[in-house]
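Notes for the structure review
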Number of protein chains: 2
Amino acid sequence: MARTQGSHADITGPRIRDAALRLFAKHGYAAVSMRQIAAEVGVQAGALYNYTPDKQALLVSLLQGHMEELLAARPDPSGDPMQRLRAFTDFHIAFHLDRPEAMFISYMELRNLEKPHFDAVERLRRAYEDGLEQILRAGREAGVFALPDTRIAAFALIAMLNGVNTWYRAGGRLSLPQVQDLYWDMVRKAVAA
Amino acid sequence: MARTQGSHADITGPRIRDAALRLFAKHGYAAVSMRQIAAEVGVQAGALYNYTPDKQALLVSLLQGHMEELLAARPDPSGDPMQRLRAFTDFHIAFHLDRPEAMFISYMELRNLEKPHFDAVERLRRAYEDGLEQILRAGREAGVFALPDTRIAAFALIAMLNGVNTWYRAGGRLSLPQVQDLYWDMVRKAVAA
DNA sequence: GTCTATAAATTGATAGAC
DNA sequence: GTCTATCAATTTATAGAC
């Protein structure tokens, strides 16, 4: 029989983060109250403050955690530039389709981060963009890519790949490998020499 | 000498929309109070309700107005598919770089629209995407574009072009025509046969 | 058309019982 | 560790004077 009171430290913490992620993605950070998060978890609002000092820290943890996971999961830089770009494309699509809410709030709620937290997250994003740009530069030097501006190209490719999340629905007419093939076709041609 | 009271119907209306656009873009719809908007305009909160029935109507008006302007400003469908695609690319970049806040809230604040308003704005966006897809289909039928899926390609190209707004700053190292050339280079190659 | 004043509800966060 | 109760501040929106 379910208790209505008692100690649940091990499970409550992650459930609070899950609930906050889901609600922030759906309604936006500013529109979500601590009471809503607590209700989603099944505790009272006061209990949340055993796990987070305040609402802002909850958002910071979600965004920073997402970017650190993204950087840690990147494919190894092995193979020629074409192979590396294909691996990056496949990875980027798969990683973000697997975490639609985290990806969504990582773009949408940046402005709700206080300055030092914003700077920290931006530094991580910058590192990720740099990873792609290095692939593009290596390809240009090898003569397989033709890109007048590798920095802008990196922005453009990431923006294009991010767009998958705006239309893809699991169980739709396209499987993940089909989506990866479709985007790889355009990525490959866009950078081609 | 400036009055602190009195009638200013002609100028107050547009100024409220301007202030709301700026503040919504900066802090997010949910995070902006009617008092903040009023303060930005230089009136008291109560005065806003002479111009909008409520806060939601202000957001609807901004998003719907932006999409209608976008559709109305599209380039004429003249020329061959390659020329039409170039015109679309140049137009899309120029239009959105000219309205960064409106573009921003049109993507970010969709979720804060009540259902019927959301549907109305989505219908307009869909019409815009359809315009690009028709260009892509015409090019594929003419044999100048090679695209396995014109719908996905339209999404991908729009997402790529939208990305300009995340990094472009007026007065930066690149002029508008330079940006248009850089993106056209990638768009052209991405769809090429 | 704008003001002041206020109603009614909701917010983030804290205190103290259990 | 969670609860109930509550504070102090802020919110949208309205009423009525000018």
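This is a predicted model, so every value here is computed, not measured.

**Section: the nonpolar core**
Within the largest apolar cluster, 122 residues are counted, with the highest numbers of intra-cluster contacts made by Ile37(A), Leu136(A), Tyr183(A), Ile37(B), Leu136(B) and Tyr183(B). With sequence-adjacent residues up to four places away left out, Ile37(B) is seen in contact with Ile16(B), Ala19(B), Ala20(B), Leu23(B), Phe24(B), Val32(B), Leu48(B) and Leu58(B).

**Concerning the UniProt feature "DNA-binding region" (unreviewed entry) in chain A**
The residues that UniProt annotates with the feature "DNA-binding region" (unreviewed entry) are residues 33-52 of chain A. Annotated as residues 33-52 of chain A, this span is 60% helix and 0% strand, and its ends, taken at the C-alpha atoms, are 14 Å apart.

**Focus: the relation of the copies chain B and chain A**
Rotating chain B by 180° about the axis while translating it 0.0 Å along that axis superimposes it on chain A, leaving an RMSD of 0.0 Å. Such a combination of rotation and displacement between the chain copies is what one expects of a two-fold axis. The residues that chain B uses at the interface reappear at the interface of chain A in 100% of cases, marking a shared surface.

**What to know about helix H10 (residues 176-191) of chain A**
Between its first and last C-alpha, H10(A) extends 22 Å over 16 residues, near the 22 Å set by a 1.5 Å rise per residue. Among all positions in H10(A), only Val179(A), Gln180(A), Leu182(A), Tyr183(A), Trp184(A), Asp185(A), Met186(A), Val187(A), Lys189(A), Ala190(A) and Val191(A) are buried.

**What about the UniProt feature "domain: HTH tetR-type" (unreviewed entry) in chain A?**
According to UniProt, the positions carrying the feature "domain: HTH tetR-type" (unreviewed entry) are residues 10-70 of chain A. The distance from the first to the last C-alpha atom of residues 10-70 of chain A is 25 Å, and the span holds 75% helix and 0% strand.

**Examining the side chain of Arg151(A)**
Following the sequence through the fold, Arg151(A) ends up in helix H8 (residues 150-162). Reaching out from Arg151(A), the side chain makes a polar contact with the side chain of Asp130(A) at a distance of 3.3 Å. Setting aside chain neighbours within four positions, we find Arg151(A) in contact with Arg126(A), Glu129(A), Asp130(A), Glu133(A) and Arg173(B).

**Here we look at the domain arrangement of chain A**
Residues and elements named next belong to chain A. For chain A, the assigned domains read domain 1 (9-52) and domain 2 (57-191). Counting from both sides, the interface comprises 11 residues of domain 1 and, opposite them, 11 residues of domain 2. Between domain 1 and domain 2 the total buried area reaches about 1100 Å² when both faces are included, carbon and sulfur atoms providing 74% of it. Considering only the side of domain 1, the residues that lose the most area to domain 2 are Arg17, Leu21 and Tyr29, jointly responsible for 49% of the buried surface there. The tally of links between domain 1 and domain 2 comes to 0 salt bridges. The interface formed by domain 1 and domain 2 holds 2 residue pairs in polar contact (both at pLDDT 80 or more) in total. Residue contributions to the side of domain 1 that touches domain 2 peak at 7 residues, all from helix H1 (residues 9-27). Of the residues belonging to the side of domain 1 that touches domain 2, the class tally is 7 nonpolar, 2 polar and 2 charged.

**Observations concerning the packing of aromatic side chains**
Residues and elements named next belong to chain A. A full pass over the atoms with the stated rule returns 12 aromatic pairs over all chains. Ring centres of phenylalanine 24 and tyrosine 29 lie 5.2 Å apart, and the angle between their planes is 70°; this geometry places the pair in the edge-to-face category. Across the pair, tyrosine 29 and phenylalanine 24 agree in class, each one buried. On the numbers, 6.4 Å between centres and 10° between planes, the contact of tryptophan 167 with tyrosine 183 is stacked. Pair noted here: tryptophan 167 is in helix H9 (residues 164-167) and tyrosine 183 is in helix H10, with a separation of 16 residues, a long-range link. Under the relative-accessibility criterion, tryptophan 167 is labelled buried at 16%.

Reading guide: rules and limits
- Residues numbered from 1 in each chain as written.
- Chains lettered and ligands numbered in written order.
- Predicted model: local features only at pLDDT ≥ 70, side-chain atom pairs only at ≥ 80, totals over all residues.
- Heavy atoms only, no water.
- Core = buried A, V, L, I, M, F, W, Y, C linked by side-chain atoms within 4.5 Å.
- Buried < 20%, exposed > 50% of the residue type's maximum accessible area, 1.4 Å probe, protein only.
- Contact = heavy atoms within 4.5 Å.
- UniProt positions renumbered as here; feature names shortened; annotations may be inferred.
- Helix = DSSP H or I, 4+ residues; strand = E, 2+ residues; numbered from the N terminus.
- Least-squares fit on C-alpha atoms with pLDDT ≥ 70 in both.
- Expected span 1.5 Å × (residues − 1).
- Polar contact = N/O pair within 3.5 Å; in protein donor to acceptor, adjacent residues only side chain to side chain.
- Domains from an automatic or database assignment.
- Buried area = accessible area lost by both parts, 1.4 Å probe.
- Salt bridge = Lys/Arg side-chain N within 4 Å of Asp/Glu carboxyl O.
- Nonpolar A, V, L, I, M, F, W, Y, C, P; charged D, E, K, R; others polar.
- Phe/Tyr/Trp six-rings, centres within 6.5 Å; stacked < 30°, edge-to-face > 60°.

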